[in-house]
Amino acid sequence: MPRRRPGADQDGSCRCGEGSRAGCGGGKANSARGAESFVAESISTARAAGATGILLVRGDSAFYTGAVIAACLRAGAHFSITAKMDPKIKAAIAAIDDDAWQAIEYPDAIFDEQAGCWVSDAEIAETRYTAFTSKKGQAVTARLIVRRVKRLNPKVATGQDELFSVYRYHAVFTDSPFHLPQAEEQHRDHAIVEQVFADLVYGPLAHLPSGDFAANAAWLTCAAITHNLLRATGCLAGPVHAKAQGATLRRHLIAVPARLARHGRGHITLHLPQRWRWQHAWMNIFDAVHDPPPARAA
């Protein structure tokens, strides 16, 4: 899967990639291949990991299939899938009343104090839609949430007004139980797992692939272990490092310019740099993973 691979988010949502990805053999596999079983397994894993709240499976347009949505419903999870802009979807969008659109907080949006609302080029609306009617036994009726953004022509001279507005539309087919702005924002939001992939791609996985499949598997296992240990280290260091990227943690807490000194039989002293900015964070880690020294008698 391109840019990001599928995975389970920490908040109980599952994020699936879009398009196609390069396979190990150099070919391409469609993202929807095996998606039904993958979704069912991900939901089951999330439940087994202790996710007891609402599960929302988010996916891009490659996962807009009746089989994927049926797998979500069978597993008791909600779905939020980017809809393909086919003629039926376009017709449903065109039928939305002009008064149904509402502005949302979006990049570059401005809150109008007098009007008490957001002034933005992005607006959202929703309608009821029945998908997959051509597939026997797969028809599903749910919400079709649509976001539209004005399409501006960069070649137009400055100060020249538009004759009429032209929009780009983004449709989401969902049975989300949340209200419209929240449901739309949740679908557009990035999953936590995407940051995990970014940390790995710019870290240990930057050295993949190898010509040996077994070597790749071993390296991936080591990468997952070190990533988990690194995130735990960041949490022990403090709130700043708990949210820091992997590269930052390695630079601040792992690659420490310290000096080792040996004294006597196996006694080792670690001399940390003086006036070191991250000394307090590093000591938080040290104190958390080491037992306190034995008490001395008075």
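This text follows the structure it describes.
Described below are features of the structure shown in this document. Remember, it's a predicted structure, so these values are computed and weren't measured experimentally.

### Here we look at the overall build of the protein chain
Part 1 of the argument: The helix and strand tally for the protein chain stands at nine helices and 14 strands.
Part 2 of the argument: For the protein chain, buried positions account for 33% of its 298 residues.
Part 3 of the argument: The contacts of the protein chain with a sequence gap of at least 6 include a subset with a gap of at least 24, amounting to 52%.
Part 4 of the argument: Roughly 19300 Å² of accessible area belongs to the protein chain as shown, and the carbon and sulfur atoms make up 55% of that amount.

### Brief notes about the pairing of strand E12 (residues 167–174)
Part 1 of the argument: Pairing between strand E6 (residues 78–82) and E12: three bridges, direction antiparallel. Directly across from Ile81, in E12, lies its bridge partner Phe173.
Part 2 of the argument: Sheet analysis places strand E11 (residues 140–150) next to E12, joined by eight bridges and oriented antiparallel. Each residue of the ladder has a partner; that of Ile145, found in E12, is Val172.

### Details of the pattern of salt bridges
Part 1 of the argument: All chains considered together, the criterion is met by six salt bridges.
Part 2 of the argument: Between Arg148 and Glu123 there is a salt bridge, with the nearest N and O atoms lying 2.7 Å from each other. Of the two residues, Arg148 is situated in strand E11 and Glu123 in strand E10 (residues 122–131); the sequence distance between them amounts to 25 residues. The pair Arg148 / Glu123 is uniform in exposure class, with both members buried.
Part 3 of the argument: With a closest N to O distance of 2.8 Å, Arg188 and Glu184 form a salt bridge. Taken as a pair, Arg188 and Glu184 lie in helix H4 (residues 180–188) at a separation of four residues, close to a single helical turn.
Part 4 of the argument: Under the relative-accessibility criterion, Arg188 is labelled partly exposed at 30%.
Part 5 of the argument: A residue is classified by how much of its surface remains accessible, and Glu184, at 5% relative accessible area, is buried.
Part 6 of the argument: Within this structure, Arg147, Glu184 and Arg188 form a network of salt bridges that share partners.

### Remarks on the packing of helix H6 (residues 213–237) against helix H9 (residues 279–289)
Part 1 of the argument: Packing of H6 against H9 brings their axes to within 7 Å, and their N-to-C directions diverge by 105°. In terms of axis orientation, H6 runs roughly perpendicular to H9. Contacts between H6 and H9 involve Thr233, Leu236 and Ala237 on the former and, on the latter, Ala281, Asn284, Ile285, Ala288 and Val289.
Part 2 of the argument: Counted by class, the contact of H6 with H9 contains six nonpolar, two polar and no charged residues.

### Some details on the environment of Leu272
Part 1 of the argument: Of note, Leu272 is situated in the loop between strand E14 (267–271) and H9.
Part 2 of the argument: Using a relative accessible area of 24% as the deciding quantity, one classes Leu272 as partly exposed.
Part 3 of the argument: Sequence-distant contacts of Leu272, defined by excluding residues within four places in its chain, comprise Val256, Ala258, Trp282 and Met283.

### Brief notes about a nonpolar patch on the surface
Part 1 of the argument: A contiguous nonpolar patch, built from Leu260, Ile268 and Leu270 and spanning about 290 Å² of accessible area, is present on the exposed surface.
Part 2 of the argument: With respect to the helices, strands and loops of the structure, Ile268 is situated in strand E14.
Part 3 of the argument: By relative accessible area, Ile268 is classed as partly exposed at 45%.

### Points about the environment of Arg148
Part 1 of the argument: Relative accessible area serves as the criterion here: at 11%, Arg148 is assigned to the buried category.
Part 2 of the argument: Residues Arg148 and Val166, spaced 18 residues apart in sequence, show a C-alpha to C-alpha distance of 9.4 Å.
Part 3 of the argument: Sequence-distant contacts of Arg148, defined by excluding residues within four places in its chain, comprise Trp101, Asp121, Ala122, Glu123, Tyr167, Arg168 and Tyr169.
Part 4 of the argument: Within the structure, the side chain of Arg148 is placed 2.7 Å from the side chain of Glu123, a separation counted as a polar contact.

### Looking at unusual backbone geometry
Part 1 of the argument: At Phe132, a position not held by glycine, the phi torsion is positive, near 60°.
Part 2 of the argument: Take Phe132: it is sitting in the loop between E10 and E11.
Part 3 of the argument: You can call Phe132 buried: its relative accessible area is 13%.
Part 4 of the argument: Although it is not a glycine, Arg275 sits at a positive phi angle of roughly 50°.
Part 5 of the argument: Looking at the secondary structure, you find Arg275 in the loop between E14 and H9.
Part 6 of the argument: For Arg275, a relative accessible area of 78% gives the class exposed.

### Side note on the packing of aromatic side chains
Part 1 of the argument: Summed over all chains, the structure comprises eight aromatic pairs.
Part 2 of the argument: Ring centres of Tyr64 and Phe173 lie 6.2 Å apart, and the angle between their planes is 90°; this geometry places the pair in the edge-to-face category. In this pair, Tyr64 is assigned in the loop between strand E5 (56–59) and helix H2 (66–74) and Phe173 in strand E12, connecting sequence segments 109 residues apart.
Part 3 of the argument: Ring centres of Phe79 and Phe173 lie 5.5 Å apart, and the angle between their planes is 40°; this geometry places the pair in the tilted category. Separated by 94 residues along the polypeptide, Phe79 in strand E6 and Phe173 in strand E12 bring together distant segments of the chain. Grouping residues by exposure puts Phe79 and Phe173 together as buried.
Part 4 of the argument: Members of the aromatic cluster, each reached through a chain of ring pairs, are Tyr64, Phe79, Tyr129, Phe132 and Phe173.
Part 5 of the argument: A cation over a ring is seen here: Arg148 above Tyr167, with NZ or CZ 4.1 Å from the ring centre.

Scoring rules and cut-offs
- Per-chain numbering applies: the sequence of each chain, read as written, is numbered from 1 onward.
- Note on the predicted model: pLDDT of at least 70 is required for a residue's local features to be given, and 80 or more for side-chain atom pairs to be given and counted; whole-chain, interface and lining totals, by contrast, use all residues.
- The basis for every side-chain value is the complete set of heavy atoms in the structure, and neither hydrogens nor water enter the calculation.
- Where helices and strands are cited, they refer to DSSP runs of H or I of at least four residues and of E of at least two residues respectively, numbered from the N terminus.
- Type-normalised accessible area, obtained with a 1.4 Å probe on protein chains alone, sets the label of each residue: buried when under 20%, exposed when over 50%, and partly exposed for intermediate values.
- Every residue pair with non-hydrogen atoms within 4.5 Å of one another is taken to be in contact.
- Areas reported as accessible are Shrake-Rupley estimates using a 1.4 Å probe. Residue values count occlusion only from the protein chains shown.
- Being paired, for any two strands, means DSSP has found at least two bridges between them.
- In what follows, salt bridge is the name for a side-chain nitrogen of Lys or Arg lying within 4 Å of a carboxyl oxygen of Asp or Glu.
- In this analysis an axis means a line fitted to C-alpha atoms, helices contributing only their contacting stretch, and an angle means the value between N-to-C directions, from 0 to 180 degrees.
- Here roughly perpendicular refers to angles of 65 to 115 degrees, roughly parallel to angles under 35, roughly antiparallel to angles over 145, and oblique to all remaining angles.
- Under the convention adopted here, Pro, Cys and the residues Ala, Val, Leu, Ile, Met, Phe, Trp and Tyr are nonpolar, Asp, Glu, Lys and Arg are charged, and Gly plus all remaining residues are polar.
- Residues forming no salt bridge and having over 30% relative accessible area are the ones grouped into patches, like charges within 9 Å of each other and nonpolar side chains (Val, Leu, Ile, Met, Phe, Trp, Tyr) within 5 Å.
- Polar contacts here mean pairs of N or O atoms no more than 3.5 Å apart (in protein, one a potential hydrogen donor and the other a potential acceptor; neighbouring residues in sequence count only if both atoms are side-chain atoms).
- Note on aromatic pairs: the rings of Phe, Tyr and Trp (six-membered ring only in Trp) are paired at centre separations within 6.5 Å, and the planes decide the class, stacked below 30 degrees, edge-to-face beyond 60, tilted for the rest.
- Throughout this description, the term charge over a ring refers to an Arg CZ or Lys NZ atom that lies within 6 Å of the ring centre and within 35 degrees of the ring normal.

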